[in-house]
Amino acid sequence: MEATTERVLRLLSLLQRRPSWTAAELAAELGVTDRSVRRDVERLRALGYPVHATAGVGGGYRLGAGTRLPPLLLDDEEATATAVSLRLAAGGTVVGAGQAALRALAKLDQVMPPRLRAEVRAVHGATEILVDPGVQVDAELLTTLARACRDAVRVRFRYTGRDGAERERTVEPVRMVATGRRWYLMAWDVDRDDWRTFRLDRMREATATTWRFRAREHPDPVAYVRRSVTEAPYRHLARIRMHAPPERVRELVPPQVGRVEDDRDGWCVLVVGGDDLDWLAVRVARLGFEAQVLEPPELREAAARLARRLAAMTGTG
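Cut-off values and rules
- Residues numbered from 1 in each chain as written.
- Predicted model: local features only at pLDDT ≥ 70, side-chain atom pairs only at ≥ 80, totals over all residues.
- Heavy atoms only, no water.
- Helix = DSSP H or I, 4+ residues; strand = E, 2+ residues; numbered from the N terminus.
- Salt bridge = Lys/Arg side-chain N within 4 Å of Asp/Glu carboxyl O.
- Pairing = 2+ DSSP bridges.
- Axes fitted to C-alpha atoms, helices over the stretch in contact; angles between N-to-C directions.
- Contact = heavy atoms within 4.5 Å.

Colleague: Mind showing me how you'd approach unusual backbone geometry here?
Modeller: With the exception of glycine, most residues fall at negative phi, and the peptide bonds are largely trans. Cis geometry marks the peptide bond from Glu-295 to Pro-296; its omega dihedral reads 0 degrees. One non-glycine residue, Glu-205, lies in positive phi territory at about 55 degrees. Inspection of the secondary structure assignment puts Glu-205 in strand 9 (residues 203-212). Notably, Asp-265 is not glycine yet its phi reads approximately 55 degrees, a positive angle. With respect to the helices, strands and loops of the structure, Asp-265 is situated in the loop between strand 11 (258-262) and strand 12 (268-274).

Listed below in structure tokens is the structure:
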């Protein structure tokens, strides 16, 4: 009986690992006959796990969605990665998700082997999380928008714009993008007949309608949101050519702050927005690379003013 129980648990673990298995593949993994596999599948079904079978040459077994979540059988790497991810999620930007992550982490810690528990606690003990607290969004809003993206239905909501005015918006959602501090929705704005980016923390009373829409060609959501949050909100848009590898500049400039374009001969172009050109000049100078201002010309003047102030501070002006 103990061997049978262990084999059934291994079968459940295998079914969770891949979308589908043939009976022969499962038999080879478990070291039993096809007939034993069929009996073990029936045992799983009797326990309430929906194991679906498909007949024919290309048929096999797959684990379906049931009325409750089956126990996840994780290997060492999966258990460690899950525990660390839950620890990070505890300080996330989704309302209520932090407490849920802590509860899940407590359950995982309770059943984790001592050697793995020690490794995970060593990682936690040696790590501090330096993150901006960000703006929290409601989990129900995330679910509503996710389903609307999946089902291609229009969404109606109240939205507070940058001017502080609240208006009703109707959109055809495509994808949500998280930057680490905020969540954004890329969608087709029905009233403005164009693509738009919406901050989820500025939405309220979001409702999925019954109006289905036909998917249209759209920009890459990540690139579109990145461009929207780094360029559109600001008075000035600067392009600075920098003598540095693009990947090095990307390490210093987060994607929600600026966009880095490849150039040639060891140079790259940083595209960044700002409302204050003096502030932009300081930020670019602090990166520590040789730089050439491509546009706007006013940024060159701001950089010259900064150079004069620094020279005066050192007594060499």
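Colleague: What is the right way to look at the pattern of salt bridges in this model?
Modeller: For side chains of opposite charge, pairing can occur when their charged atoms come near one another. Scanning all chains against the criterion turns up 23 salt bridges. Here Asp-151 makes a salt bridge to Arg-150, at a shortest N to O gap of 2.8 Å. Sharing partners across several salt bridges, the network here consists of Arg-158, Glu-166, Arg-204 and Glu-205.

Colleague: Which parts of the structure should I look at to understand the sheet that holds strand 13 (residues 291-295)?
Modeller: Where strands meet in a sheet, backbone hydrogen bonds hold them as pairs that are either parallel or antiparallel. With respect to topology, four strands assemble into an open sheet ordered 11-12-10-13, the strand pairing being antiparallel. The sheet is open, and its two borders are formed by strand 11 and strand 13, each paired with just one other strand. Within the sheet, the average angular offset between the axes of one strand and its neighbour, ignoring direction, is 25 degrees. Direction of pairing for strand 11 relative to strand 12: antiparallel, over a ladder of five bridges. Each bridged residue has a counterpart across the sheet, and for Gly-258 the counterpart in strand 12 is Val-272. Against the sheet, helix 11 (residues 297-314) makes contact with strand 10 (236-242) and strand 13, and its axis sits at roughly 145 degrees relative to strand 13, the strand it touches most.

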